[in-house]
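Here is what each chain is made of, one letter per residue.
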Amino acid sequence: MLKIGQVYEVTIEDTNIFANGICRIDNMVVFVKGAIKGEICKIEITKLFPKYAFARCIEIIEKSEHRIVPTCPNFEKCGGCSFSHISLEFENEIKYNYVKSAFAKHRLEADFEKTVCPVSENYRNKVVLFYNGEAFGYMEEGTNKIVSHSTCQLNCGAFDKIAGLTANELKSTPLRALYLRKSFDEKDIMVCPVFYQKTNIIPYATKLISQFSNVKTVLCGTLKDKDFALENVKYSTVYGSGYIEDTLCDLKFRISPESFYQVNHTCAELLYEKAIELANLGENSVCADLFCGTGTIGIIAANKTGATVYGVEIVEKAIKDAKHNAKINNVKSVHFESMDASKFDKAVDVCIIDPPRKGCSSFMLDTLKRLKPQKIVYISCNTDTMTRDIKSLSDTYKISTPVSIFNLFPRTSHVESVVCLIRNDCNEGNL
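Residues numbered from 1 in each chain as written. Predicted model: local features only at pLDDT ≥ 70, side-chain atom pairs only at ≥ 80, totals over all residues. Heavy atoms only, no water.

Observations regarding the side chain of asparagine 20
Argument step 1. Structurally, asparagine 20 is set in strand β3 (residues 20-25).
Argument step 2. Discounting chain neighbours no more than four positions away, the residues touching asparagine 20 are Asp14, Thr15, Phe31, Val32, Lys33, Gly34 and Ala35. (Helix = DSSP H or I, 4+ residues; strand = E, 2+ residues; numbered from the N terminus. Contact = heavy atoms within 4.5 Å.)

What to know about the nonpolar core
Side chains of a nonpolar character, in soluble globular proteins, are inclined to be buried together.
Argument step 1. Ranked by internal contacts, the top residues of the largest apolar core, which has 90 residues, are Ile162, Val191, Leu208 and Val377.
Argument step 2. In terms of residue count, helix α4 (residues 265-279) provides more of this core than any other element does, eight residues in total.
Argument step 3. Residues in contact with leucine 208, not counting those within four places in the same chain, are Ile162, Leu165, Val191, Val215 and Val218.
Argument step 4. Counting residues in hydrophobic clusters, the runner-up holds 31 residues, among them Leu290, Cys351, Met364 and Tyr397. (Core = buried A, V, L, I, M, F, W, Y, C linked by side-chain atoms within 4.5 Å. Buried < 20%, exposed > 50% of the residue type's maximum accessible area, 1.4 Å probe, protein only.)

Focus on the sheet that holds strand β12 (residues 215-223)
Argument step 1. What the seven strands build is an open sheet, ordered β9-β8-β7-β10-β11-β12-β13; its pairing is mixed. Of all the strands in the sheet, the pair left with one neighbour each is β9 (146-148) and β13 (233-239). Strand-to-strand twist in this sheet, taken as the mean axis angle between neighbours without regard to direction, amounts to 35 degrees.
Argument step 2. Alignment of strand β11 (residues 189-195) against β12, held across five bridges, turns out to be parallel. By the bridge assignment for β12, valine 191 is matched with valine 218.
Argument step 3. In this fold helix α2 (residues 157-169) packs onto β7 (126-131), β8 (136-139), β10 (175-182), β11 and β12, with an angle of close to 150 degrees to the strand it touches most, β10.
Argument step 4. Across the sheet, helix α3 (residues 202-211) touches β10, β11, β12 and β13, and the angle it forms with β12 is around 155 degrees. (Pairing = 2+ DSSP bridges. Axes fitted to C-alpha atoms, helices over the stretch in contact; angles between N-to-C directions.)

Remarks on helix α8 (residues 383-393)
Argument step 1. Taken together, the buried positions of α8 are occupied by Thr383, Thr385, Met386, Thr387, Asp389, Ile390 and Leu393.
Argument step 2. Looking at the buried side of α8, the elements it contacts are α1 (88-105), α7 (362-371), β20 (375-380), β21 (397-399) and β23 (416-423).
Argument step 3. For α8, the capping residue at the N-terminal end is asparagine 382, with a side-chain oxygen 3.1 Å from the backbone nitrogen of aspartate 384. (Polar contact = N/O pair within 3.5 Å; in protein donor to acceptor, adjacent residues only side chain to side chain.)

Dropping the structure here:
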């Protein structure tokens, strides 16, 4: 019988998506923080539950060949990264196996393509750093404690420098967080400190833009209540236009603070190209881009194929940006509307869906069945909810292509996947 505080010598049988080693003691699954498949470790039980337990690694008796030395001094404290002690090659393998097992769990038959990961450092074009009264950082895993840092291997150097200036200039204000976005070439940067209450930041903005010529816009964010979420922030523009612009797949896109935009530019281009390839649209095709955000994938698809695309997004500001993006790229066959995606009712050949982490609601799944598109291209950052939804659709749709896996969030516990479903009574081919 396991007890908290007991010490065991174990062999780690596997590593999960959270970079926890997995072993078994007395037929109970034990998750060992930081341990890697194949390692022999001495562990101490820290938490007990009816069917599983957690443990910490006291000593690594035999190391895995996949173990590397983390370059970040805050790795074991900060909750931002999970895989900094594991080689990127093995991280990609772990994420491949995670996606594969999620499909197997729901008894979904599919083939799988090798994990795509073109870049693993300095890739984030969007960050939210939390303020602890002295400096910025990310949350310690499982807590609200902020682990401050001066540099982060996932962020660009400009973000770190702006955070340093912000902490110094706004230290006596009711500051809660710093929200930053940038274009791929770093010529456009958006800076938005977020406060508990309305705050005058004109002196700060003046100093900021004098020191950083690539800061194109500065906003002031005010929390609507004490709970922090970007959806819970009211934005006001202090300097510039209130948005930045980026180039993706050779097209220009406006990005406002409320708009969804993939955080890894290089990998996102490959993901979108794959999704459009799977959709296999022709100039006579009609496609719905549901949960469209700023319209990126719909505009790219319409521009590349000539298909008619309807983009739907519940966030009104994102739709405003999407319409602007279609106009500046002179893409006339794409149309946008702000509405709940589950209420979409136009006849289409293909639906491209990229829902939030919670996946599709039952209403959204009913909508897809009602629309009866010949194809559904499903993009997801949560394979568990993705496979749940595909299983719910399996009476009407079947998987028609290999699952493509994209390590869009290297060194973290997240992974992106895309797959094409075809209606059971349809033949594959160009629509």
